[in-house]
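# Structural overview
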Amino acid sequence: MAVKITDTCINCGACIDECPVEAIVDDSENPTGEEIHYVNPDKCVECVGYYDEPACAAACPTEGCIQWDDVVDGLPAAEDRGEKGTPVVED
Ligand code: SF4
Ligand code: SF4
């Protein structure tokens, strides 16, 4: 699943345009039905090949909102990724 947006998301939209592979959708398109933004795990490349760190998490104003999740087979994973369930950006 790469990175995951958690339920502290405030739907500010800051992350969407930062994603280089258009992996993020807003709450209206979230396939889980939750009223938060959503990362498509089959698209997220953890920004490998684009940026030094996940751009969505760098742009997110909500502390700890975007967390590491499982690595998806066949997709890139950041070398310095953290444990599943830990914030991508530590404040
Ligand atoms: S880590 Fe990068 S590729 Fe994955 S959703 Fe965030 S911005 Fe998109
Ligand atoms: S930047 Fe953070 S709080 Fe804003 S929509 Fe994206 S995940 Fe939610």
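What counts and what doesn't
Residues numbered from 1 in each chain as written. Chains lettered and ligands numbered in written order. Predicted model: local features only at pLDDT ≥ 70, side-chain atom pairs only at ≥ 80, totals over all residues. Helix = DSSP H or I, 4+ residues; strand = E, 2+ residues; numbered from the N terminus. Buried ≥ 20, exposed ≤ 12 C-beta atoms within 10 Å, placed from the backbone. Contact = placed C-beta atoms within 7 Å. Core = buried A, V, L, I, M, F, W, Y, C linked by C-beta atoms within 7 Å. Near = placed C-beta within 6 Å. Nonpolar A, V, L, I, M, F, W, Y, C, P; charged D, E, K, R; others polar.

### Observations concerning the overall build of the protein chain
Counting its regular elements, the protein chain contains one helix and four strands. N-terminal to C-terminal, the α/β element order of the protein chain is β-β-β-α-β. Each of the three principal axes of the protein chain carries a C-alpha extent, and together these read 30 × 30 × 20 Å. Within the protein chain, the proportion of its 91 residues that are buried is 24%. Partitioning the contacts of the protein chain with sequence separation of at least 6, the portion at a separation of at least 24 is 60%.

### Here's the deal with the nonpolar core
Membership of the largest hydrophobic core comes to 17 residues, with the highest contact counts inside it found for Val-3, Ile-24, Val-39, Cys-56, Ala-57, Cys-60 and Ile-66. For this core, the elements supplying multiple residues, two or more each, are β1 (3-5), α1 (55-59) and β4 (66-68). Not counting chain neighbours up to four residues away, the residues in contact with Cys-56 comprise Val-3, Cys-15, Glu-18, Cys-19, Ile-24 and Ile-66.

### Focus on the site of ligand 1
Of all residues adjacent to ligand 1, which total 15 residues, the nearest are Cys-19, Cys-44, Cys-47, Pro-54 and Cys-56. For the shell around ligand 1, the per-class residue count stands at 13 nonpolar, no polar and two charged.

### Description of the site of ligand 2
The environment of ligand 2 is made up of 14 residues, and the closest members are Cys-9, Cys-12, Ala-14, Cys-15 and Cys-60. When the residues that make up the shell around ligand 2 are grouped by side-chain class, the tally is ten nonpolar, four polar and no charged.

### Side note on the environment of Val-88
Position of Val-88 relative to the elements: it lies in the segment after β4. On the basis of neighbour counts, which here come to 24 C-beta atoms within 10 Å, the residue Val-88 falls in the buried class. In the structure, Val-88 is positioned 35 residues away from Glu-53 in sequence and 8.5 Å away in space, judged by C-alpha atoms. When sequence neighbours within four positions are dropped, the list of residues in contact with Val-88 reads Val-3, Pro-54, Ala-57, Ile-66, Gln-67 and Trp-68.

### Section: the environment of Gly-85
Mapped onto the elements of the fold, Gly-85 is located in the segment after β4. For Gly-85, a count of 10 C-beta atoms within 10 Å corresponds to the exposed category. For the pair formed by Gly-85 and Cys-56, sequence separation is 29 residues and the distance between their alpha carbons is 16 Å. Every residue in contact with Gly-85, bar those within four places of it in the chain, is listed here: Gln-67 and Trp-68.

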